[in-house]
Amino acid sequence: MSTRAQAVIGALYGDEGKGLMVDRLAAAVPGAVVVRSNGGAQAGHTVVDPAGLRHVFHHIGSGSFAGAATHFSRFFVAHPMLLLDELAALSQLGVKPEISSDPRAPVTTRFDVIINQALELARGAARHGSCGLGFGETIERNLHPEFALSTKDLFRPDLHARLVFIRDAWVPIRLAALGITALPAELATALADDTTIARFEADCAAYLDRVTLWPDRRLCERGTVIFEAAQGLGLDQDRGVFPHVTRSNTGLANMLAIAAEAGITELEATYATRCYTTRHGAGPLKGEVPALPGVNVVDPTNAPNEWQGRLRLAPLELGLLREAITRDLSLDRGGVTVRAGLAVTCLDQAEDGFAVTDCGEVMPLDPAKAASEIADLVGLRLWAESWGPRRGDVRLSAESAAA
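Residues numbered from 1 in each chain as written. Predicted model: local features only at pLDDT ≥ 70, side-chain atom pairs only at ≥ 80, totals over all residues. Heavy atoms only, no water.

J.: Quick rundown of the overall build of the protein chain? Include the residues and the values.
T.: If you tally the helices and strands in the protein chain, you get 10 helices and 16 strands. Rg of the C-alpha trace for the protein chain: 21 Å, near the compact-globule value of 22 Å for 403 residues, within the 12% margin. With the C-alpha coordinates aligned to their principal axes, the bounding extent of the protein chain is approximately 60 × 50 × 40 Å. Here the protein chain holds 403 residues, and 57% of them are scored as buried. Total accessible area computed for the protein chain in this model is approximately 15800 Å², and 54% of it derives from carbon and sulfur atoms. Seen as two clouds, the 38 positive and the 48 negative side-chain charges of the protein chain have centres 2 Å apart. (Helix = DSSP H or I, 4+ residues; strand = E, 2+ residues; numbered from the N terminus. Rg over C-alpha atoms; globule rule 2.2 N^0.38 Å. Buried < 20%, exposed > 50% of the residue type's maximum accessible area, 1.4 Å probe, protein only. Areas by Shrake-Rupley, 256 points an atom, 1.4 Å probe, with all protein chains shown as cover. Lys, Arg positive; Asp, Glu negative; His and termini not counted. Charge placed at Lys NZ, Arg CZ, Asp CG, Glu CD.)

J.: Help me get a handle on helix α5 (residues 159-178), residues and values and all.
T.: In a regular helix each residue adds 1.5 Å, so 20 residues correspond to 28 Å; α5 covers 26 Å between its end C-alpha atoms and thus fits that length. A bend of about 35° at W170 is the largest found in α5, and the proline P172 appears one to four places after it. Within α5, the full set of buried residues consists of L159, R162, L163, I166, R167, A169, W170, V171, R174 and L175. G179 sits one or two positions beyond α5 and adopts a positive phi of about 75°. (Expected span 1.5 Å × (residues − 1). Bend = angle between axes of the 7 residues up to and from the residue.)

J.: If you had to explain the domain arrangement of the protein chain to someone new, which residues and values would you point to?
T.: By the assigned domains, the protein chain splits into domain 1 (4-102 + 214-396) and domain 2 (110-209). Centre-to-centre separation of domain 1 and domain 2, based on C-alpha positions: 28 Å. At the interface, 25 residues of domain 1 touch 24 residues of domain 2. In this assembly, domain 1 packs against domain 2 so that about 2100 Å² is buried in total across both faces, 69% of it on carbon and sulfur atoms. (Domains from an automatic or database assignment. Contact = heavy atoms within 4.5 Å. Buried area = accessible area lost by both parts, 1.4 Å probe.)

J.: Can you break down the packing of helix α4 (residues 135-142) against α5 residue by residue, with the values?
T.: Interaxial distance between α4 and α5 falls to 12 Å at its minimum, and their mutual angle equals 105°. What the angle tells us is that α4 and α5 run roughly perpendicular. The residues of α5 that touch α4, namely those facing E137, E140 and R141, are I166, W170, R174 and L178. Its residues placed into classes, the contact of α4 with α5 shows 3 nonpolar, no polar and 4 charged. (Axes fitted to C-alpha atoms, helices over the stretch in contact; angles between N-to-C directions. Parallel < 35°, antiparallel > 145°, perpendicular 65-115°, else oblique. Nonpolar A, V, L, I, M, F, W, Y, C, P; charged D, E, K, R; others polar.)

J.: Talk me through the layout of surface pockets; I want residue IDs and the actual numbers.
T.: For the second largest pocket, the calculated volume is near 350 Å³. Taken together, the residues of the lining of the second largest pocket sort by class into 8 nonpolar, 8 polar and 5 charged. Per-domain counts for the lining of the second largest pocket show at least three residues from each of domain 1 (4-102 + 214-396) and domain 2 (110-209). (1 Å grid on protein atoms, 1.4 Å probe; cavity = no way out; pocket = protein on both sides within 12 Å on 5 of 7 lines; lining within 4 Å. Points joined across faces, edges and corners; volume = space filled by probe spheres on them.)

J.: Got a sec to walk through helix α1 (residues 18-28)? Specific residues and values, please.
T.: It helps to recall that an α-helix has 3.6 residues per turn; residues three or four apart then point in one direction. For α1, the buried fraction is high: 9 of the 11 residues fall into the buried class. Listing the buried residues of α1 in full gives K18, G19, L20, M21, V22, D23, R24, L25 and A26.

J.: Tell me what's going on with the packing of helix α9 (residues 318-329) against helix α10 (residues 367-378), and back it up with residues and numbers.
T.: Running from N to C, α9 and α10 cross one another at 60°; their axes reach a closest spacing of 9 Å. Taken as axis vectors, α9 and α10 run oblique relative to one another. Our pair here, α9 against α10, has a crossing hand that is right-handed. From α9, L318, L321, R322 and I325 reach across to α10, where they touch I374, L377 and V378. Taken together, the residues of the contact of α9 with α10 sort by class into 6 nonpolar, no polar and 1 charged. (Left-handed = near helix turned anticlockwise from the far one by under 90°.)

J.: Can you lay out the pairing of strand β2 (residues 33-36) for me, pointing to particular residues and giving the numbers?
T.: Every regular strand shows the same layout, with side chains that alternate between the two sheet faces. Side-chain alternation along β2 places V33 and V35 on one buried face and V34 and R36 on a second face that is also buried. Relative to strand β5 (residues 69-72), β2 runs parallel, the two sharing 4 bridges. Looking at β5, one finds that V35 is bridged to H71. (Pairing = 2+ DSSP bridges.)

J.: Can you explain the UniProt feature "active site" (unreviewed entry) in the protein chain? Please cite residues and give values.
T.: Following the UniProt record, the feature "active site" (unreviewed entry) maps to D15 and H45 here. Over a stretch of 31 residues, the named residues converge on one spot in the fold, their C-alpha atoms separated by at most 7.2 Å. Mapped onto the elements, D15 comes out in the loop between β1 (4-10) and α1. Examined against the element boundaries, H45 turns out to sit in strand β3 (residues 45-48). (UniProt positions renumbered as here; feature names shortened; annotations may be inferred.)

J.: Which residues make up the pairing of strand β11 (residues 311-315), and what values go with them?
T.: Across the 5 residues of β11, 4 count as buried, placing the element largely inside the fold. With 5 bridges joining them, strand β10 (residues 276-280) and β11 adopt antiparallel strand pairing. When the sheet's bridge partners are listed, T278 is paired in β11 with L313.

J.: Break down unusual backbone geometry for me, with residues and values.
T.: Working note: non-glycine residues mostly have negative phi, and peptide bonds are mostly trans. Non-glycine residue Q231 carries a positive phi angle of around 60°. Summarising the element assignment, Q231 is placed in the loop between β8 (225-228) and α8 (252-262). On the accessibility criterion, Q231 (11% relative accessible area) is buried.

J.: Before we move on, could you go through the UniProt feature "binding site: IMP" (unreviewed entry) in the protein chain and cite the residues and values that matter?
T.: Those residues carrying the UniProt feature "binding site: IMP" (unreviewed entry) are D15, E16, G17, K18, Q231 and T246 in this numbering. If sequence neighbours within four positions are ignored, Q231 has contacts with G10, G14, E16, K18, N38, G39, Q42, A43, H45, T246, S248 and T250.

This is the structure in structure tokens:
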């Protein structure tokens with residue numbers, strides 16, 4: 001039983017290539033278990049397998065094409081309704097992952113989604129950048145024990161009564177606290193309709209048919225652990241720019257807490273960044289431009305949508321990248337040894353005229369040498385660079401933890 005784990009962490013605002021790097025690591029470690037260490041169904045990690053099959057992973061770990069199992073940690077928010085949709089999509093691709101969950105993992109209800117969407121709509125032009133899937137509202141509700149719902153609660157004989165209580169007691173309290181006096185007609189109808197609860201209970205029953213309860217403390221019994229973070233350090237609830245953050249810790253914090261329970265003593269952390277910066281959703285983006293000179297941006301995953309708008313672009317700002325990673329590595333590690341390296345992705349999209357910035361200074365780079373120069377300037381070893389969307393396009397350095 002190994003006490004050494006690997007991890008992939010987004011270094012800025014998400015969409016940095018975490019799915020690609022997890023897939024590459026899982027392919028090198030037979031029998032791995034990918035542990036979702038934060039976030040929920042709002043994650044979107046794209047993987048293209050060697051045969052060209054493509055999937056955007058939301059719940060399921062991005063190592064599934066490589067045969068890895070998936071584990072939902074106590075920090076992961078499960079969304080039974082959307083999990084079943086994802087499993088159906090993966091089944092069409094011939095993938096049927098093994099899934100386990102810590103009993104404490106929070107569960108999103110339809111009511112959390114309704115509140116989330118009503119709030120984001122009410123903000124109008126001042127939206128926070130939410131995906132509208134109820135993640136933050138699930139976290140908020142679970143702060144109140146009488147209204148909390150976690151994976152273990154789905155086995156309760158009084159689940160129906162508990163859901164009715166959440167609808168009839170929690171929803172009015174929460175809407176009043178948010179200053180929402182009326183819901184849009186479609187959301188109001190869904191809230192009042194008893195079939196909303198019946199459908200959710202059916203989703204929960206199907207969820208339990210696919211997910212095995214397994215405590216975080218016994219993770220290492222499942223296989224070599226690969227932590228997969230969601231979002232990025234720039235969206236961390238404690239370190240990002242409020243209110244444009246996610247309701248979770250997006251870096252090492254949760255991984256170290258899980259490691260302490262599971263007896264993991266060594267962690268190899270790969271911080272992933274594109275060779276340019278993206279942000280999908282509202283919030284500050286230093287150096288934002290309508291188009292990037294020297295970069296042919298290709299991103300079929302982050303299509304414009306009503307909740308987050310279009311994908312936003314900026315040159316990679318090394319000062320922000322360096323600061324975010326340094327702050328994450330400054331956390332109290334609780335006796336866990338952490339070794340860190342950098343992965344630079346999307347280099348195949350860089351062309352003549354490509355440049356990054358460092359505290360505002362423009363620095364033209366040769367795409368062929370850019371990854372190593374970026375790593376040097378950030379102060380990390382270069383562990384990997386990607387020149388395409390598949391694991392075979394990832395070049396590993398001699399020092400890489402995945403070598």
